[in-house]
Amino acid sequence: MHCGLCLPTCPTYDATKIERNSPRGRISLMRAIADGELEATKTFADEMYFCLGCLACQTACPAGVNYAELFEHARAEAEQSGALRSPKRNFIRRFTLRWLFMDLRRLRLASRALLLYQRLGLQSFVRRSGILRLFPKRLQELEAMTPNIQPRFSAELIAPVTPAVGVKKFRVAMLTGCAQDPIFSNVNRDTAEVLARNGCEVVTPPAQSCCGSLHAHNGEWELAQELARRNIDQFPPAEFDAIITNAGGCGSHLKHFGMLLVDDPAYRDRAYLWDRKVRDIHEWLDEIGLQAPTPAPKADQQVCPTILTYHDSCHLCHGQKITVQPRELLRAIPGLKLVDLPESSWCCGSAGVYNLTQPEMAGDLLRRKIANIKSTGAQVVATANPGCLLQIINGARAEGMPLRVAHPVTLLAEAYRANE
């Protein structure tokens, strides 16, 4: 297909109007390499990493081209070619993809060190002192993006088994994620609570593995396969009614273990069963029938509702096609008034690690998103992906906006607690 209906939906093409920066252009490059007409050069590799991987093109495509699979294989081809190799890049990839995220005990240890740095006031001192002005501009920008680490991680907040409140209707597993755990462990706690209040027994092992999304999206196909096997072993899909994720980017990847392990006879059948069991939290609550929170007592009710808007996480919207369920959940919460966000499904620029590797384009997308949020007059913006949460938090802080950014499930959990 070469119709070009995807072009207006592509943020990078919208910004540059260059054909190779579009889905159609990138697919043409992929096809030329697959047919042996081109080599996988640095230009090709740079283009594959200039792509956000937001999958807006996949939603727009009338022929149903599976751009997500093409995109991941193209990045794997770029890595195998060695076109981007350098000592600095090789070290960063080995440290992060092959070491830090392959054993989450290491990530938690690093997060504890960052928490100590923040709790001792060292971060505030460094920022106030002006020391950062001595460092390169990019390092200053990266420091400003440093997330706040939660004082307690998921294993300290959530029991290995959370019993259902009332009658047990379902037994589900809950994935706590990698970066989600130290930065948004409160969202994991809220997810377990919401599931329990909706008749689910929730199994949440304290020691979990990364889902492999980060690896698959960055050309490390074999590492992504290894992590898929670990997850299937830890959460045998036949033992659960559903396997729950609350992160849009992770969920999009988690639903495709069958494709990832199609050539592995020992795991293939279980991987396909896994795909059928994985549910985004909003999708699952809609499927089983959400128990809507009751309004707070009149004495505690707000005179005016809180104005809320919703940003679609790219991989929840385009990867999983989940758009209605989060909005229905938010409309069920008393005291909130949901208003439409212009360009709600336009990427915010987070896109995994895109805001670290492509700061200029990511910054442009973030400023566009913040401008749209401002136009709504919202006091709260909800979104269902840790990368989006962090990106919009940082964008609002840079603009001096008194904006609360929260996961929809956190707002739902707070509404349940308001009646206790």
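Computed from a prediction, not measured in an experiment: that's the story for all the values here.

Reading guide: rules and limits
Residues numbered from 1 in each chain as written. Predicted model: local features only at pLDDT ≥ 70, side-chain atom pairs only at ≥ 80, totals over all residues. Heavy atoms only, no water. Helix = DSSP H or I, 4+ residues; strand = E, 2+ residues; numbered from the N terminus. Buried < 20%, exposed > 50% of the residue type's maximum accessible area, 1.4 Å probe, protein only. Areas by Shrake-Rupley, 256 points an atom, 1.4 Å probe, with all protein chains shown as cover. Lys, Arg positive; Asp, Glu negative; His and termini not counted. Charge placed at Lys NZ, Arg CZ, Asp CG, Glu CD. Pairing = 2+ DSSP bridges. Contact = heavy atoms within 4.5 Å. Axes fitted to C-alpha atoms, helices over the stretch in contact; angles between N-to-C directions. Parallel < 35°, antiparallel > 145°, perpendicular 65-115°, else oblique. Nonpolar A, V, L, I, M, F, W, Y, C, P; charged D, E, K, R; others polar. Patch = residues over 30% accessible without salt bridge, like charges linked within 9 Å, V, L, I, M, F, W, Y side chains within 5 Å. Salt bridge = Lys/Arg side-chain N within 4 Å of Asp/Glu carboxyl O.

1. A closer look at the overall build of the protein
At step 1: Looking only at helices and strands, the protein has 24 helices and nine strands in total.
At step 2: Once the C-alpha set of the protein is aligned to its principal axes, its extents read approximately 70 × 55 × 45 Å.
At step 3: Within the protein, the proportion of its 420 residues that are buried is 53%.
At step 4: Element-wise, carbon and sulfur atoms account for 56% of the exposed surface of the protein, whose accessible area totals about 19400 Å².
At step 5: Taking the 49 positively charged and 43 negatively charged side chains of the protein as two groups, their mean positions are separated by 5 Å.

2. Section: the sheet that holds strand β4 (residues 242-245)
At step 1: With mixed pairing, five strands are arranged side by side in an open sheet as β1-β3-β2-β4-β5. The sheet terminates laterally at β1 (161-162) and β5 (278-280), the two strands that pair on one side only.
At step 2: As judged from the three bridges shared by strand β2 (residues 170-174) and β4, these two strands associate in the parallel manner. Within β4, the residue paired with Val172 across the bridge is Ala242.
At step 3: Here helix α18 (residues 281-288) sits on the sheet in contact with β2, β3 (200-203), β4 and β5, set at roughly 95° to β5.

3. Overview of the packing of helix α22 (residues 359-376) against helix α23 (residues 386-399)
At step 1: Taken N-terminus to C-terminus, the directions of α22 and α23 make an angle of 75°; their axes are 10 Å apart at the nearest point. Between α22 and α23, the angle is such that the two are roughly perpendicular. Contact residues: Ala362, Leu366, Ile370, Ile373 and Lys374 in α22; Gln391, Ile392, Gly395, Ala396 and Glu399 in α23.
At step 2: Here the contact of α22 with α23 is composed, by residue class, of six nonpolar, two polar and two charged.

4. Looking at the environment of Ile370
At step 1: If you trace the backbone, Ile370 turns up in helix α22.
At step 2: Classification of Ile370 as buried rests on a relative accessible area of 3%.
At step 3: Taking the C-alpha atoms as reference, Ile370 lies 6.8 Å from Ala396; in sequence the two are 26 residues apart.

5. Describing unusual backbone geometry
At step 1: In the Ramachandran plot, Leu55 falls in the positive-phi region, its phi being about 70° despite a non-glycine side chain.
At step 2: By the secondary structure assignment, Leu55 is in the loop between α3 (42-50) and α4 (56-60).
At step 3: You will see that Glu343, though not glycine, has its phi angle at about 55°, which is positive.
At step 4: With respect to the helices and strands, the residue Glu343 is situated in the loop between β7 (336-339) and α21 (354-357).
At step 5: In this structure Glu343 comes out as partly exposed when scored by relative accessible area, which is 36%.

6. A word on a nonpolar patch on the surface
At step 1: On the surface, Phe125, Ile131, Leu134, Phe135, Leu139, Leu142 and Leu356 cluster together to form a nonpolar patch covering roughly 650 Å² of accessible area.
At step 2: One can find Leu356 in helix α21.
At step 3: Here Leu356 falls in the partly exposed class, since its relative accessible area comes to 44%.

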